[in-house]
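# Examining the three-dimensional arrangement
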Amino acid sequence: MKYQAIIFDLDGVIVHTDEFHYQAWKKIADKIGAPFDRNINERLRGVSRMASLEIILSGTDASFSETEKQMLAEEKNNEYRNLLATMSPKDVPKETLKTLSALKEMGVKLAIGSSSKNARYILERVGLIGEFDAISDGNNITHSKPDPEVFLKAAQFLCLESAACVVVEDAEAGIDAAVAGGFASAGIGSAAKYPKCTYSLNVLSDLIGFIR
Ligand code: B16
Ligand code: MG
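Attention here is on the structure that accompanies the text. (Residues numbered from 1 in each chain as written. Chains lettered and ligands numbered in written order. Predicted model: local features only at pLDDT ≥ 70, side-chain atom pairs only at ≥ 80, totals over all residues. Heavy atoms only, no water.)

## Considering the nonpolar core
Among soluble globular proteins, nonpolar side chains are generally buried collectively. Core analysis: the biggest nonpolar cluster contains 37 residues, and Ile6, Phe8, Ile14, Leu103 and Phe132 have the highest contact counts within it. Built from parts of two domains, this core gets at least three residues from each of domain 1 (5-15 + 93-211) and domain 2 (18-84). Setting aside its immediate chain neighbours within four residues, Ile6 contacts Leu103, Val108, Lys109, Leu110, Ala111, Val166, Val168, Leu207 and Ile211. Core analysis: the next-biggest nonpolar cluster, separate from the first, contains 17 residues, Ala5, Phe151, Leu160 and Val167 among them. (Core = buried A, V, L, I, M, F, W, Y, C linked by side-chain atoms within 4.5 Å. Buried < 20%, exposed > 50% of the residue type's maximum accessible area, 1.4 Å probe, protein only. Domains from an automatic or database assignment. Contact = heavy atoms within 4.5 Å.)

## Remarks on the coordination of the magnesium ion (ligand 2)
In this structure, Asp9 (OD), Asp11 (O) and Asp170 (OD) serve as the protein donors to the magnesium ion (ligand 2), at separations of 2.0 to 2.2 Å. Coordination of the magnesium ion (ligand 2) draws on donor residues from a single chain, spaced D-x1-D-x158-D in sequence. With a gap of 159 residues between them, Asp11 in the loop between strand E1 (5-8) and helix H1 (18-32) and Asp170 in the loop between strand E4 (165-169) and helix H8 (172-180) connect regions that are remote in the sequence. On the basis of relative accessibility, which here comes to 2%, the residue Asp170 falls in the buried class. (Donors = N, O, S within 2.8 Å, 3.2 Å for Na, K, Ca; no water. Helix = DSSP H or I, 4+ residues; strand = E, 2+ residues; numbered from the N terminus.)

## Concerning the site of ligand 1
Asp11, Val47, Arg49, Ser116 and Asn118 are the nearest of the 18 residues found near ligand 1. In this structure, an oxygen atom belonging to ligand 1 sits 2.7 Å away from a side-chain N or O atom of Arg49. One nitrogen or oxygen atom from the side chain of Lys145 is found 2.7 Å from an oxygen atom belonging to ligand 1. Protein burial of ligand 1: of its 470 Å² of free accessible surface, 98% is covered by the chains. (Near = heavy atom within 4 Å. Polar contact = N/O pair within 3.5 Å; in protein donor to acceptor, adjacent residues only side chain to side chain. Areas by Shrake-Rupley, 256 points an atom, 1.4 Å probe, with all protein chains shown as cover.)

In structure tokens form, the structure reads like this:
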């Protein structure tokens with residue numbers, strides 16, 4: 001086997017919570033009169049909550065104090081968590097379940113490397129919390145993607161070197177983080193055509209052929 005572990009990004013790779021991020025940010029942007037559409041939303045993939053807010057605020061001339069920014073971020077998170085509360089195991093794509101179980105059978109370790117502070121809550125809601133050997137998320141890092149910290153911590157939790165792991169990502173910021181950390185990377189969705197990817201996936205299970 002070429003690799004001993006796969007480190008999966010969560011939002012946009014394992015489950016499609018990216019639509020919920022869009023809806024929650026849209027509500028906040030409309031409220032403060034900031035332009036926001038699906039193109040701007042693409043720039044928020046893999047980016048931390050506060051950095052996402054800064055991207056949205058850069059589209060308006062209005063200025064906000066640090067306290068107001070914290071309040072907007074909290075309001076967005078409350079909206080987002082209300083949407084997450086509607087999730088259940090039926091929200092896990094069959095492709096995800098099939099891929100995770102095939103990788104397990106191959107004896108590959110599985111980890112999560114997500115910028116989200118809600119990662120564990122999401123994994124609990126959809127019934128996947130017990131499926132991973134390690135979870136590295138927004139609560140155990142000080143630097144968000146494109147910094148490699150979240151993936152380096154995941155590798156550390158697995159007691160493996162970066163070279164033994166492949167990072168799977170839907171965000172260019174996530175692929176940049178993987179490259180910076182010395183990991184091989186597999187891009188899916190928006191990141192599949194990013195030239196810095198080691199591998200390009202049409203569907204998640206394409207991964208199986210690349211790691212043998
Ligand atoms: P939270 P990932 C990322 O998750 C999302 O792609 C990004 O849109 C979000 O701002 C970030 O998590 C922080 O999420 O507000 O829940 O802490 O793709 O790294 O799994
Ligand atoms: Mg993502």
